[in-house]
Amino acid sequence: MAVDPYGYREENVERPPPGGGGCAAISSLAWLCLSILTCATCSGAMFFGEPDPGDQWYDQVGVWLLLISPAWMLAGIGAATAFLHRVARRWWTSVGPNLVIGGCGGCLLWGMLFFAWVVFAVVMDG
């Protein structure tokens, strides 16, 4: 009798492999380290530009938020990689869905934070 490769029969259901989280953990760690490196690089770049004399501290924070925007996407990808592997435990969670979900989620979170900061800066200037 042929084995059911698609798992329609109960005794041949495909199960996730036990353990095997090393690859996803390394991938998540790499994305998060890249995010921290991006933040550090952009923070270091802030020292090379002199602020205008009329700028307030919140103007400088707004510029910093613009500079670190890619780091939010990278951190989102790292978090999505860890989450998807924890839920699905499949190799393909680290090669596609994590990029879409994490990238969009990180951009969305950054956009909400930046919008809130713009509202705060307008209120402080007003």
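Reading guide: rules and limits
- Residues numbered from 1 in each chain as written.
- Predicted model: local features only at pLDDT ≥ 70, side-chain atom pairs only at ≥ 80, totals over all residues.
- Heavy atoms only, no water.
- Phe/Tyr/Trp six-rings, centres within 6.5 Å; stacked < 30°, edge-to-face > 60°.
- Helix = DSSP H or I, 4+ residues; strand = E, 2+ residues; numbered from the N terminus.
- Buried < 20%, exposed > 50% of the residue type's maximum accessible area, 1.4 Å probe, protein only.
- Expected span 1.5 Å × (residues − 1).
- Contact = heavy atoms within 4.5 Å.
- Polar contact = N/O pair within 3.5 Å; in protein donor to acceptor, adjacent residues only side chain to side chain.
- Core = buried A, V, L, I, M, F, W, Y, C linked by side-chain atoms within 4.5 Å.

## Structural notes on the packing of aromatic side chains
And step 1. The final tally for this structure, using the stated rule, is six aromatic pairs.
And step 2. A centroid spacing of 5.9 Å and a plane angle of 70° characterise the contact between Trp57 and Trp117, whose relative ring orientation is edge-to-face. In this pair, Trp57 is assigned in helix 2 (residues 57-67) and Trp117 in helix 4 (residues 97-125), connecting sequence segments 60 residues apart.
And step 3. When the ring of Trp110 is compared with that of Phe114, the centres are 5.1 Å apart and the planes differ by 10°; the resulting orientation is stacked. Of this pair, Trp110 and Phe114 both sit in helix 4, four residues apart, which is roughly one turn of that helix.
And step 4. These aromatic residues form a ring-pair network of at least three members: Trp57, Tyr58, Trp117 and Phe120.

## Some thoughts on the environment of Leu34
And step 1. Mapped onto the elements, Leu34 comes out in helix 1 (residues 22-45).
And step 2. Residue Leu34 is classed as partly exposed on the basis of its relative accessible area of 39%.
And step 3. Once the C-alpha coordinates of Leu34 and Ala71 are considered, the two residues, 37 residues apart in sequence, prove to be 7.7 Å apart.

## Topic: helix 4
An α-helix turns once per 3.6 residues; consequently, residues spaced three or four apart project the same way.
And step 1. Over its 29 residues, helix 4 runs 42 Å from end to end, which matches the ideal 42 Å to within 8%, given 1.5 Å per residue.
And step 2. As for helix 4, its buried residues are in contact with helix 1, helix 2 and helix 3 (69-88).

## Quick notes on the side chain of Thr81
And step 1. Locating Thr81 in the fold gives a position in helix 3.
And step 2. When its relative accessible area of 0% is taken as the criterion, Thr81 is described as buried.
And step 3. A polar contact of 2.6 Å, which involves the side chain of Thr81, links it to the side chain of Asn98.
And step 4. Leave out the neighbours within four places in its chain, and Thr81 touches Ala24, Ser27, Ser28, Trp31, Ser94 and Asn98.

## What to know about the environment of His85
And step 1. Structurally, His85 is set in helix 3.
And step 2. Expressed as a C-alpha distance, the spacing of His85 and Asn98, which sit 13 residues apart in the sequence, is 9.1 Å.

## Quick word on the nonpolar core
And step 1. Membership of the largest hydrophobic core is limited to seven residues, which are Cys42, Tyr58, Leu65, Ile68, Trp110, Trp117 and Ala121.
And step 2. Contributions of two or more residues to this core are made by helix 2 and helix 4.
And step 3. With three residues, the single largest contributor to this core is helix 4.
And step 4. Setting aside residues no more than four positions away along its own chain, Ile68 makes contact with Cys39 and Cys42.

So far we have only geometry, and geometry alone does not tell us how the molecule works.
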